[in-house]
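# A look at the structure
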Amino acid sequence: MLIFAVFLPKDIGAATESVTISEDTVNIRNGSGLSYQLVKQVKKDETFTIIKEKDDWIQIQLSATKTGWVANWVVTKSTNGETTTKSSNSKKITAEANTDQLRVRSGPGTSFRIIGYLNKGQAVTVLDENENWLKVSATLGEGWVAREYIDLKNTSNPSKEESTNDSIGKGIVIDTLNIRNEPSTTGTVIGKLAKGTTVSIYSKKDTWLEIRYADQKAWVSADFVQMGTQSQPSKGDTESIGTVTASNLSVRSGSSLNSKIIGSVSKGQKFSILEEVNNWVKIEYQPGKTGWAAGWYFNRDKTGPSQLAKDSKVTILHNGTNIRKDPNTQSNVLQRANEGDSFPIKSVEQDWYEITLPNGTNGYIAGWLVTTNGSGPEIDKQGPEGYLRYKTIVIDPGHGGIDNGATGSSGTLEKELTLRTAQLLSDKLKASGANVFLTRSNDSFLPLPSRVRMASVHQSDAFISLHYDSNLDRSVRGMTGYYYHSFQKDLAESVYYSTNAQTKLKSRGVRSGDYHVVRENQRQAVLMELGYLSNPAEEMTMRSSQFQESVATGIYNGLAKYFKE
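My aim in this report is to walk through the structure given alongside it, one point at a time. Model, not experiment: these values are computed from the prediction.

Here we take up the overall build of the protein chain. Helix and strand counts for the protein chain stand at 8 helices and 44 strands. Every one of the 565 residues in the protein chain was classed for burial, and the buried ones make up 47%. When contacts within the protein chain are restricted to residue pairs at least 6 apart in sequence, long-range pairs at least 24 apart make up 61% of them. A total of about 27,700 Å² of accessible surface is found on the protein chain, and carbon and sulfur atoms cover 46% of it.

In structure tokens:
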């Protein structure tokens with residue numbers, strides 16, 4: 001009987017199911033949801049055997065001893081080698097803002113500039129996630145929001161009611177306008193449209209206009225929409241001039257990253273700003289051809305009082321913001337304003353707005369502490385991203401594959417934690433316009449010479465090697481920074497002290513260390529030991545999302561400080 005059993009075909013009639021990754025890079029998690037911890041990243045066209053399915057998630061076999069979960073909308077599912085489902089775009093992670101005036105930022109962190117706002121209940125599509133931050137797509141384009149202010153839910157693409165209907169015309173929003181779910185002032189407000197926004201009209205009911213918002217039917221008051229397209233400025237009107245700051249900037253058919261690319265412009269070119277919507281600008285990029293480009297890649301010519309629209313206002317971003325007598329930080333403080341306070345703009349002087357206070361007197365406020373309405377001139381004070389743009393950074397997550405590195409007191413593997421930190425840091429740097437390369441982006445082994453070679457091949461401006469320490473004495477704790485060549489010391493000190501201040505770990509200082517990735521590296525390089533996994537309390541701290549956010553922010557700021565100086 002035993003011999004007979006050996007020759008029986010295995011799993012008679014059973015189907016072998018597998019998935020093939022259909023996106024460039026996909027996160028694998030230790031549970032069936034976005035909130036679960038990242039265990040690995042896999043690449044397009046990699047294939048894995050299915051263990052089981054749960055809702056919109058599939059458990060797969062990563063190795064002989066390791067499993068993980070992948071979302072079914074980023075894979076192609078096959079049975080016995082035949083494709084049964086191609087679900088890469090069949091489902092999306094949709095979500096809603098759970099608070100009003102939720103700030104949308106250009107990158108994952110509070111140091112990134114605000115590019116727009118979401119209102120409570122406003123729908124978004126989640127594109128990516130990063131510890132405490134989610135990258136979302138909304139009507140204003142793509143940006144990052146704090147995870148705690150977003151309610152996630154998995155859903156199929158909504159059925160677009162009457163989506164095949166042709167629009168009956170277009171209109172221009174003439175003032176900030178509420179979007180409602182039904183044609184009545186009692187309808188729920190599901191979003192807002194900024195002044196100057198162009199909308200397609202699908203039908204009219206009494207004094208209400210039907211539009212499309214977040215792929216759904218919605219309604220706005222006709223009293224605040226001017227039918228027809230917006231006319232070009234007359235020759236007597238004053239136009240704002242913008243200079244392109246990106247090396248090659250796409251021009252699109254609409255004011256969104258989802259719009260079709262119809263052309264491009266180059267760094268240094270100047271254009272008249274014909275229209276502005278949610279940080280997108282309309283320009284005539286070729287004679288007779290107009291399109292939209294991202295407004296944050298334009299430097300504006302300074303605006304004088306005569307160029308200000310009558311309704312130009314600033315809105316305060318932070319509580320306790322100083323309003324000063326003169327346009328400099330040494331001037332006397334006239335009063336303090338709180339978040340949400342709004343003041344009319346009288347003029348612009350360098351990086352400062354002259355504003356009119358409620359008592360009729362004038363004061364000055366720093367342009368980087370406020371936002372302006374659609375018709376107001378924008379002032380951006382260069383933040384950390386300004387010093388990181390176009391820099392080439394190689395991030396080296398220590399260990400990987402057969403090399404686990406240190407093992408924490410409760411089982412944390414150094415190789416997994418370094419990759420988690422590297423991915424978070426990479427997203428922050430990319431959002432600032434840096435060119436970022438990871439020596440490894442998944443759980444793979446890479447020899448030390450190969451890691452160093454990447455710095456040379458890419459001619460990196462900085463090489464950051466990430467590690468977590470260990471010691472037989474479990475009471476040992478703290479952070480250490482290492483360099484080898486004297487020319488690497490400034491980078492090491494800048495990155496180390498910024499990171500240590502951000503995380504508030506015990507400081508073990510910056511010192512010379514005989515480590516291959518800095519010793520054999522002829523580029524600027526630093527090796528960071530970001531705490532002791534052997535210390536139980538420190539291990540718990542380092543695994544937290546808050547620590548990961550802090551350490552990535554610290555390294556990011558340290559790099560910006562180094563390049564600034």
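Each pair of packed helices can be summarised by the angle the axes make with each other and by the distance between the axes. Interaxial distance between helix H5 (residues 489-503) and helix H8 (residues 545-564) falls to 7 Å at its minimum, and their mutual angle equals 145°. Once H5 is placed against H8, the crossing between them reads as right-handed. Here Asp490, Leu491, Ser494, Val495, Ser498, Thr499, Gln502 and Thr503 of H5 come into contact with H8, specifically with Phe547, Ser550, Val551, Thr553, Gly554, Ile555, Asn557, Gly558, Leu559, Lys561 and Tyr562. Split by residue class, the contact of H5 with H8 holds 7 nonpolar, 10 polar and 2 charged.

Here we take up the environment of Lys270. Looking at where Lys270 falls in the secondary structure, it is placed in strand E27 (residues 270-273). C-alpha separation for the pair Lys270 and Thr243, spaced 27 residues apart in sequence, amounts to 4.4 Å. One polar contact links Lys270 to Thr243, side chain to side chain, over a distance of 2.8 Å.

Attention shifts here to the side chain of Thr243. With respect to the helices and strands, the residue Thr243 is situated in strand E24 (residues 240-244). Among the residues examined, Thr243 registers a relative accessible area of 15% and is labelled buried.

As a further point, take the nonpolar core. Judged by nonpolar contacts, the single largest core of 38 residues is most densely connected at Ile393, Ile395, Leu429, Ile464, Val495, Ile555 and Leu559. It is H8 that contributes the most residues to this core, 8 residues altogether. The contact partners of Ile393, leaving out residues within four places of it in the chain, are Leu429, Ala434, Asn435, Val436, Phe437, Ala462, Ile464, Leu559 and Phe563. The next biggest cluster of nonpolar side chains, apart from the first, holds 32 residues, and it includes Val39, Val70, Trp73 and Val145.

Time to look at helix H7 (residues 536-543). Buried residues of H7: Glu538, Glu539 and Met542, and no others. The arc enclosing the buried residues of H7, seen along the axis, measures out at 105°, which places them on a common side. Residues of H7 that are exposed and point more than 90 degrees away from the buried face comprise Ala537 and Met540. Residues of H7 that are buried make contact with helix H3 (414-431), strand E41 (462-469), strand E44 (525-532) and H8. Among the residues of H7, the N-terminal cap falls to Asn535, whose side-chain oxygen and the backbone nitrogen of Ala537 are separated by 3.1 Å.

Attention now moves to unusual backbone geometry. Even without glycine at this site, Asp45 takes up a positive phi of about 80°. Inspection of the secondary structure assignment puts Asp45 in the loop between strand E3 (38-43) and strand E4 (47-54). Although it is not a glycine, Lys504 sits at a positive phi angle of roughly 65°. Note on placement: Lys504 falls in the loop between H5 and strand E43 (507-512). The exposed category is assigned to Lys504, whose relative accessible area is 71%.

Right, let's talk about the sheet that holds strand E39 (residues 392-397) for a bit. Here 6 strands make up an open sheet; going across it, the order is E40-E39-E41-E44-E42-E43 and the pairing mixed. Edge positions in the sheet fall to strand E40 (435-438) and E43, since each of these pairs with one other strand and no more. With direction set aside, neighbouring strand axes in the sheet form an average angle of 20°. In this sheet, E44 lies alongside strand E42 (residues 479-483) in antiparallel orientation, the contact comprising 3 bridges. Paired with Gly481 across the strands is Met528, a residue of E44.

Counted by the stated rule, this structure contains 8 salt bridges. The partner of Glu142 in a salt bridge is Lys135, with the nearest N and O atoms 3.9 Å apart. Note that Arg519 and Asp514 form a salt bridge whose closest N and O atoms lie 2.9 Å from each other. Owing to a relative accessible area of 26%, Arg519 belongs among the partly exposed residues under this scheme. Looking at Asp514, the relative accessible area reads 54%, which means it is exposed.

Rules behind the numbers
The numbering scheme is per chain: residues are counted from 1 as the chain's sequence reads. Local features are withheld for residues below a pLDDT of 70 in this predicted model, meaning they are given only at 70 or higher, and side-chain atom pairs are given and counted only at 80 or more; totals for whole chains, interfaces and linings count all residues. Calculation of side-chain values draws on the structure's entire complement of heavy atoms; hydrogens and water are dropped beforehand. What counts as a helix is a DSSP run of H or I of at least four residues, what counts as a strand is a run of E of at least two, and both are numbered from the N terminus. We call a residue buried when its accessible area falls under 20% of the maximum for its residue type, exposed when it is over 50%, and partly exposed in between, using a 1.4 Å probe and counting protein chains only. Every residue pair with non-hydrogen atoms within 4.5 Å of one another is taken to be in contact. Accessible surface area values rest on a Shrake-Rupley calculation with a 1.4 Å probe, where residue burial reflects the displayed protein chains alone. Fitted lines through C-alpha atoms serve as axes, helices being fitted only where they are in contact, and the angles separating the N-to-C directions of these axes extend from 0 to 180 degrees. Helix crossings get a hand from a simple test, with the near helix turned counterclockwise from the far one by less than a right angle marking a left-handed crossing and a clockwise turn marking a right-handed one. Just so you know the grouping, Ala, Val, Leu, Ile, Met, Phe, Trp, Tyr, Cys and Pro go in nonpolar, Asp, Glu, Lys and Arg go in charged, and all remaining residues, Gly too, go in polar. Any pair of nitrogen or oxygen atoms within 3.5 Å is treated as a polar contact; in protein, a donor-acceptor pairing is required on top of that, and neighbouring residues in sequence qualify only through side-chain atoms on both sides. Definition of nonpolar core: a set of buried residues of the types Ala, Val, Leu, Ile, Met, Phe, Trp, Tyr and Cys, connected through side-chain atoms within 4.5 Å. Note that the arc is computed from the directions linking the helix axis to the C-beta atoms. Between any two strands, pairing holds if DSSP finds at least two bridges. Note on definitions: salt bridges are taken to be side-chain nitrogens of Lys or Arg within 4 Å of carboxyl oxygens of Asp or Glu.

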